[in-house]
Amino acid sequence: MRLLFIFLDGVGLGENDPVHNPFATANLPTLAGFTDGRRWLRGLPRIESQTGVFIPTDACLGVDGKPQSATGQATILTGINVPERLGRHYGPRPNRQIAEIIEHDNVISTLKARGADIAFANAFPSTFFESVRRGKRLLSANQLALHTADVRFPDAEALRDGRALSVEFTGEGWRNRFGADGVPILTPFEAGQHLAQLAGQHTLTFFDHWLTDYVGHRGTLQEAVALLETLDGVMAGILDAWDRSEGLVVLTSDHGNIEETGLRGHTYNPIPTLIAGQSWPIFADGLTDLTGITPGILRTLLRDIE
Ligand SMILES: [Zn+2]
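Source: prediction; values computed, not measured.

### Remarks on the overall build of the protein chain
Thinking step 1. Helices and strands together make up the secondary structure of the protein chain, namely 14 helices and 7 strands.
Thinking step 2. Against the 2.2 N^0.38 benchmark of 19 Å for 306 residues, the protein chain shows a C-alpha radius of gyration of 18 Å, consistent with a compact globule.
Thinking step 3. Dimensions of the protein chain, computed from C-alpha atoms along their principal axes, come out at roughly 40 × 40 × 40 Å.
Thinking step 4. Here the protein chain holds 306 residues, and the buried ones make up 57% of them.
Thinking step 5. The long-range share in the protein chain, meaning contacts at least 24 apart out of those at least 6 apart in sequence, stands at 72%.
Thinking step 6. Accessible surface, the protein chain as shown: approximately 12,600 Å² in total, 47% of it carbon and sulfur.
Thinking step 7. Across the protein chain, the centroid of the 26 positively charged side chains sits 5 Å from that of the 36 negatively charged ones.

### Here we look at the coordination of the zinc ion
Thinking step 1. The protein atoms that coordinate the zinc ion are Asp213 (OD), Asp213 (OD), His217 (NE2) and His266 (NE2), at distances spanning 2.1 to 2.7 Å.
Thinking step 2. Around the zinc ion, the 4 donor atoms sit at angles spanning 53 to 143 degrees, and that spread fits a shape best called irregular.
Thinking step 3. Counting gaps between the donor residues of the zinc ion yields the pattern D-x3-H-x48-H. One end of the pair, His217, is in helix α11 (residues 211-218); the other, His266, is in the loop between β6 (247-253) and β7 (271-276), and 49 residues separate them in sequence.
Thinking step 4. The class for His266 is buried, based on a relative accessible area of 8%.

### Looking at helix α7 (residues 141-148)
Thinking step 1. Judged by how many residues are buried, α7 sits mostly within the fold: 6 of 8 residues are covered.
Thinking step 2. Taken together, the buried positions of α7 are Ala141, Asn142, Gln143, Leu144, Ala145 and Leu146.
Thinking step 3. Count one or two residues on from α7 and you reach Asp150, which has phi positive near 65 degrees.

### With respect to the pairing of β7
Thinking step 1. Counting buried positions over the 6 residues of β7 gives 6, a clear majority of the element.
Thinking step 2. Going residue by residue along β7, you find Ile271, Thr273 and Ile275 tucked away on one face and Pro272, Leu274 and Ala276 tucked away on the opposite face as well.
Thinking step 3. With 6 bridges joining them, strand β3 (residues 52-57) and β7 adopt antiparallel strand pairing. In the sheet register, Pro56 faces β7, and the bridge partner there is Pro272.
Thinking step 4. Judged from the 3 bridges that link them, β6 and β7 form a sheet pairing that is antiparallel. Across the sheet, the residue bridging to Val250 is Ile275, located in β7.

Conventions adopted
Residues numbered from 1 in each chain as written. Predicted model: local features only at pLDDT ≥ 70, side-chain atom pairs only at ≥ 80, totals over all residues. Heavy atoms only, no water. Helix = DSSP H or I, 4+ residues; strand = E, 2+ residues; numbered from the N terminus. Rg over C-alpha atoms; globule rule 2.2 N^0.38 Å. Buried < 20%, exposed > 50% of the residue type's maximum accessible area, 1.4 Å probe, protein only. Contact = heavy atoms within 4.5 Å. Areas by Shrake-Rupley, 256 points an atom, 1.4 Å probe, with all protein chains shown as cover. Lys, Arg positive; Asp, Glu negative; His and termini not counted. Charge placed at Lys NZ, Arg CZ, Asp CG, Glu CD. Donors = N, O, S within 2.8 Å, 3.2 Å for Na, K, Ca; no water. Tetrahedral: all angles 85-135°; square planar, octahedral: opposite > 155°, others 65-115°. Pairing = 2+ DSSP bridges.

Structure, rendered in structure tokens:
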């Protein structure tokens with residue numbers, strides 16, 4: 001069994017509001033394919049099909065205040081209700097207490113200790129490694145979990161060699177910021193196929209897509225629509241190249257944001273969890289909030305390893 005885990009930062013299920021919510025207007029046939037053709041909006045129920053399940057997922061976790069990235073991601077990757085333990089939502093980067101929870105135990109470390117082959121599929125530019133080394137950049141909760149488990153962070157060379165993708169999938173954003181230098185440009189569909197092929201070589205492949213939160217904070221509705229349509233194309237490519245009897249593709253988020261573009265800040269909305277692949281019921285069992293992701297990953301992958 002294999003698992004391709006695509007983390008989307010800041011994606012929630014919001015109102016049918018075409019002025020602020022890109023999900024209300026974007027053309028997203030692949031995503032809607034999992035929800036009977038309906039748009040990903042607030043109020044959608046859990047929807048099961050042969051190809052997967054869509055689960056509106058609570059990110060508030062019974063704690064007052066707007067959900068934040070550090071506590072949300074830490075909850076996703078430990079199964080612990082981290083905001084409850086802290087008494088508040090906190091982010092974007094982990095404080096000492098959150099870092100200690102992640103370093104003590106997380107799903108990536110657990111799998112690694114059982115011998116799972118884990119890949120991080122995001123390429124990082126040399127400036128990222130330099131600023132981490134100089135102590136000028138704190139790792140995100142996701143990155144900290146991967147780092148704690150000694151999972152390799154791909155660099156520019158890995159991107160050029162096709163062993164990783166840039167955060168915006170296609171390579172165009174990377175070229176604009178860091179120069180061409182042999183970086184392949186892919187269509188969203190090709191990028192998805194490529195990600196699926198990479199994930200076919202590992203037990204767990206983690207892709208961390210934080211642009212959705214970035215665009216939710218700073219972008220326009222148009223940019224948000226374009227980003228979601230790219231994501232839909234990537235998903236189409238993944239599903240095209242993915243063996244659904246051999247593994248799951250899981251898409252989830254830490255808190256809402258992009259569904260209220262232009263309004264600034266995170267939201268209290270449920271987030272979408274999508275689990276695609278034949279054995280989705282094993283993963284989805286009991287999943288209603290962010291604490292259900294780690295148990296789902298372990299149920300899915302540990303059966304094979306043990
Ligand atoms: Zn944010």
